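# Reading the structure
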Amino acid sequence: MIDADVTQLTIPEGLVGLPAATRFAVHADDASPIVELVSTDVSGLGFLASPLEGIRPGLRERLVELGHAAAGEVVLILLAVHGDPPSVTANLAGPIVIHPVDRIGRQLVLEGDEFPLRAPVAMLD
Amino acid sequence: MLVLTRRTGQSLRIGDSIELQVVRIEGDRVVLGIIAPPTVRVLRGELLDAVSAEVREAADARARVRDLLKPGR
């Protein structure tokens, strides 16, 4: 989990499809599993995200095993809403991997059934 | 766009470090082999498009996500 005092995140390559969105203010609350990322490059752009371990326990270790993330890195998952009735989904195909010290991140694009684009989110721990 | 014709087993080079080879052709599917440095991200175009679209969906959904995850719902 990102500490509550970490307020800036840099993704040098931007998000997938949004290359201009490289810097974010991170609004985290230790009492909530939800993190808000607010772009400081693109006005009005923001996301809600959650640490991967709260969505799919064990999948972060799988990313490490596959070489997509280092052991100490934080993995955030962007949340969206789909379906009727609407429900929250997690973009496991595009996780954001963040170095916890320098706060520099990168968005991965992952193939395979383990990493669905719209994984249902029942609840967040 | 540069358009080239290749046969099975033939390849093409992109720059100094990327090689694309036609492994086989199965009906309307072409099986490609790619040799590239690990730092080069090779992705299916439609997957990249789908993740990009989902990122934009997430950007539009902030308020609705917050509402759906409110305690007591």
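Since we're looking at a predicted model, the values are computed, not measured.

### Thoughts on the overall build of chain B
For chain B, the count of helices and strands is two helices and three strands. Listed N to C, the secondary structure of chain B is β-β-β-α-α in terms of helices and strands. In terms of overall size, chain B is more extended than a compact globule, its C-alpha atoms giving a radius of gyration of 20 Å where 73 residues would be expected to give roughly 11 Å. Structurally, chain B occupies a C-alpha span of about 60 × 30 × 25 Å along its principal axes. Relative to its 73 residues, chain B shows a buried fraction of 10%. A fraction of 0% describes how many contacts in chain B between residues 6 or more apart in sequence connect residues 24 or more apart.

### Structural notes on the interface of chain B and chain A
On the chain A side, the residues contacting the 19 residues of chain B number 23 residues. Per element, the largest residue contribution to the side of chain B that touches chain A is 11 residues, and it comes from helix H1 (residues 45-60) of chain B.

### Brief notes about the nonpolar core
Counting 40 residues, the largest nonpolar core has A:Ala49, A:Leu76, A:Ile77, A:Leu78, A:Leu79 and B:Ala58 as its most contacted members. If you list the elements that add at least two residues to this core, you get strand E2 (23-28), strand E3 (35-39), strand E4 (46-51), helix H1 (52-55), strand E5 (74-82), strand E6 (87-90) and strand E7 (96-98) of chain A together with H1 of chain B. The greatest single-element share of this core, amounting to eight residues, is contributed by E5(A). Apart from residues no more than four positions distant in its own chain, A:Leu79 is found in contact with A:Leu48, A:Ala49, A:Ser50, A:Val88, A:Ala90, A:Val121, B:Ala58 and B:Val65.

### Side note on the sheet that holds strand E1 (residues 11-14) of chain B
Residues and elements named next belong to chain B. Across the sheet, three strands lie side by side as E1-E2-E3; this open sheet has antiparallel pairing. The open sheet has two edge strands, E1 and strand E3 (29-35), and neither has a second partner. Within the sheet, the average angular offset between the axes of one strand and its neighbour, ignoring direction, is 25 degrees. The pairing of strand E2 (residues 18-26) with E3 spans seven bridges and is classified as antiparallel. Along E3, the bridge assignment pairs Val22 with Leu32.

### As for the domain arrangement of chain B
According to the domain assignment, chain B contains domain 1 (1-38) and domain 2 (43-73). Computed from C-alpha coordinates alone, the two centres of domain 1 of chain B and domain 2 of chain B are separated by 34 Å.

Thresholds applied
- Residue numbers run consecutively from 1 along every chain, following the written order of its sequence.
- Here every chain gets a letter starting at A, and every ligand a number starting at 1, in the order they are written.
- Residues qualify for local features only when their pLDDT is at least 70, as the model is predicted, and side-chain atom pairs are given and counted only at 80 or more; totals for whole chains, interfaces and linings, by contrast, use all residues.
- To qualify as a helix, a DSSP run of H or I must reach at least 4 residues; to qualify as a strand, a run of E must reach at least 2; elements of each kind are numbered from the N terminus.
- A radius of gyration in this sense is built from C-alpha atoms; the matching globule rule multiplies 2.2 Å by the number of residues raised to 0.38.
- Three exposure classes are used, all based on how many other C-beta atoms lie within 10 Å of a residue's own C-beta (placed from the backbone): buried at 20 or more, exposed at 12 or fewer, and partly exposed between those limits.
- Two residues qualify as a contact pair if the distance between their C-beta atoms, derived from the backbone, is within 7 Å.
- Only buried residues count toward a nonpolar core: Ala, Val, Leu, Ile, Met, Phe, Trp, Tyr and Cys, linked into one set through C-beta atoms within 7 Å.
- Strand pairing requires that DSSP identify at least two bridges connecting the strands.
- Between N-to-C directions, angles cover 0 to 180 degrees, with each direction set by a line fitted to C-alpha atoms, over the stretch in contact for helices.
- Domain ranges listed in this record stem from an automatic or a database domain assignment.

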